[in-house]
Amino acid sequence: MSSMKYDLHLGVNSTETFITKIEAPSFVEYGIVMAGITHINDEYYLARQNSKFHILLYTVSGEGVLNVQTNISSNQHILKSDELLALPSGQSYNYQPQGNNWHFLWFIINPTPQWDFLKEVTVQ
């Protein structure tokens, strides 16, 4: 498996709060590496290539744009308020706000057997 590449740009008027196993010790039991709350008020861009983790992303308000790259195509999805997105490990993608305001929650999850069902999720 190739190594994961990661690129993040967070605007000066945007914030991310990180929640780790220090603040939430039960994360270890569930295979959760980290979680967070992101408030976008200007710029944001995140890209992962060959992600070694599963990502769960829940849009609280605003909208985001997800671009998923496969070996044969690139597809775009709008991430709307009150929607949960699951991105299984191994995928390459990027996401950014649609407009200047987007508020979302996220979880980074190890691809352990208890999360194997996420491998069945197809975002294309």
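Predicted model only: the values in this text are computed from it and were never measured.

Cut-offs and rules
Residues numbered from 1 in each chain as written. Predicted model: local features only at pLDDT ≥ 70, side-chain atom pairs only at ≥ 80, totals over all residues. Heavy atoms only, no water. Core = buried A, V, L, I, M, F, W, Y, C linked by side-chain atoms within 4.5 Å. Buried < 20%, exposed > 50% of the residue type's maximum accessible area, 1.4 Å probe, protein only. Helix = DSSP H or I, 4+ residues; strand = E, 2+ residues; numbered from the N terminus. Contact = heavy atoms within 4.5 Å. pLDDT = per-residue confidence, 0-100. Phe/Tyr/Trp six-rings, centres within 6.5 Å; stacked < 30°, edge-to-face > 60°.

**Student:** Go over the nonpolar core with me, naming the residues and quoting the values.
**Tutor:** Ranked by size, the top nonpolar core spans 17 residues in total, and within it Leu66, Tyr93, Tyr95 and Phe104 carry the most contacts. Breaking this core down by element, the ones donating at least two residues are strand S4 (44–49), strand S5 (54–69), strand S7 (84–87) and strand S8 (92–109). No other element matches the six residues that S8 contributes to this core. Dropping the residues within four chain positions of it, Tyr93 is found in contact with Leu46, Ala47, Arg48, Ser51, Ile55, Leu66, Asn67, Val68, Gln69 and Leu87. Judged by nonpolar contacts, the second largest core, of nine residues, contains Ala24, Phe27, Ile109 and Trp115.

**Student:** Describe the confidence of the model for the chain, listing the residues and the values that go with them.
**Tutor:** For the chain, the average pLDDT comes to 90, and 93% of its residues sit at 70 or higher. Here strand S1 (residues 5–10) stands out as the element of the chain with the lowest mean pLDDT, 88, in contrast to strand S3 (residues 32–40), whose mean of 97 is the highest.

**Student:** Break down the side chain of Thr59 for me, citing the residues and quoting the values.
**Tutor:** Its location among the elements puts Thr59 in strand S5. Overall, Thr59 belongs to the buried group, its relative accessible area being 0%.

**Student:** Tell me about the packing of aromatic side chains, residues and numbers included.
**Tutor:** For the structure on display, the rule yields nine aromatic pairs. Here the aromatic rings of Phe18 and Trp106 are separated by 5.8 Å at their centres, their planes lie at 70 degrees, and the arrangement is edge-to-face. Taken together, the residues Phe18 in strand S2 (residues 15–19) and Trp106 in strand S8 connect sequence positions 88 residues apart. Classification of Phe18 by relative accessible area gives partly exposed; the value is 43%. These aromatic residues form a ring-pair network of at least three members: Tyr44, Tyr93, Tyr95, Trp102 and Phe104.

**Student:** Outline the environment of Leu118, listing residues and values.
**Tutor:** Structurally, Leu118 can be placed in the segment after S8. Linking Leu118 and Leu87, residues 31 residues apart in sequence, is a C-alpha distance of 7.6 Å. Residues in contact with Leu118, not counting those within four places in the same chain, are His54, Leu56, Ala86 and Pro88.

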